[in-house]
Amino acid sequence: MKNGNLETFLDTGWYTEAELYYQGNVYWFEGDTDFETGISDFYVDRWRAECEDGKLYREYRDAEGCLVGYRRVYEEQGADMDLLKKHFLVAPIFDGKSFWQVEKELIWVEPGKPIAKK
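Report on the accompanying structure. (Residues numbered from 1 in each chain as written. Predicted model: local features only at pLDDT ≥ 70, side-chain atom pairs only at ≥ 80, totals over all residues. Heavy atoms only, no water.)

1. Looking at the side chain of E76
The criterion, for reference: Strands are runs of DSSP state E lasting at least two residues, helices are runs of H or I lasting at least four, and both sets are numbered from the N terminus onward. Under the scheme applied here, a residue whose accessible area is under 20% of the maximum for its type counts as buried, over 50% as exposed, and between as partly exposed, the area being computed with a 1.4 Å probe on protein chains only. Residues scored as charged are limited to Lys and Arg (positive) and Asp and Glu (negative), so that His and the chain ends carry no count. Each reported salt bridge corresponds to a side-chain nitrogen of Lys or Arg within 4 Å of a carboxyl oxygen of Asp or Glu. As used in this structure description, the phrase polar contact means that two N or O atoms lie within 3.5 Å; if the pair is within protein, one of them must be able to donate a hydrogen and the other to accept it, and residues adjacent in sequence are counted only when both atoms belong to side chains. Should any heavy atoms of two residues lie within 4.5 Å, those residues are considered in contact.
By the element assignment, E76 lies in strand β5 (residues 71–78). This buried residue, E76, is left without a salt bridge; K86 holds the nearest opposite charge, at 11 Å. In this structure the side chain of E76 is engaged in a polar contact, spanning 2.5 Å, whose partner is the side chain of Y74. Apart from the residues within four sequence positions on either side, E76 is in contact with S40, D41, F42, L84 and H87.

In C-alpha cells form, the structure reads like this:
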C-alpha cells in the first residue's frame, strides 16, 4: 500500500471511512455497527477519479454535481467482524481482483478539488 500503513489500514481503516485509489477509481470504505443487535454493515463504493500526486484524488462530477461512475461494489452484514474482514480481503472488488492481489498498487488518499464536467 502506498501513502499509508498496511497494518493501520487492516487494523482500523478497512472499516472506518477510508479511501483508496486504484486504476482510475476511488474506493470508499465504511462500516457501522448497530450496538443493540450486534450486527455490522460494511460496504465499499467506487467512482471515477484522478490521483496525480499520490496523495489527493480529484473526483469527476457531472453537470448536476453527481459522482461519475458511482456504484456500490461490495456490501456485507454480520455479527463477526473477523469474518467480515476475511471476506472483504478476498472479494474481487478491484476490477475482479482481491485486496491482496492489488495491495501494492493501492494508494491511501484524501479528497481534493472535484473535476466538474461541462
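2. A word on helix α1 (residues 6–13)
Since the α-helix packs 3.6 residues into each turn, any two residues three or four apart lie on the same face. Quick note on the threshold: When we speak of the arc, we mean the arc of directions from the helix axis to the C-beta atoms.
Residues of α1 that are buried: F9, L10 and G13. Across the axial projection of α1, the buried residues extend over an arc of 125 degrees, all falling on one side. Those residues of α1 that are exposed and aimed more than 90 degrees away from the buried face are E7 and D11. Elements that come into contact with the buried residues of α1 comprise β1 (18–22), β2 (25–34), α2 (81–90), α3 (99–102) and β6 (107–108). Its side-chain oxygen 2.8 Å from the backbone nitrogen of E7, N5 forms the N-cap of α1.

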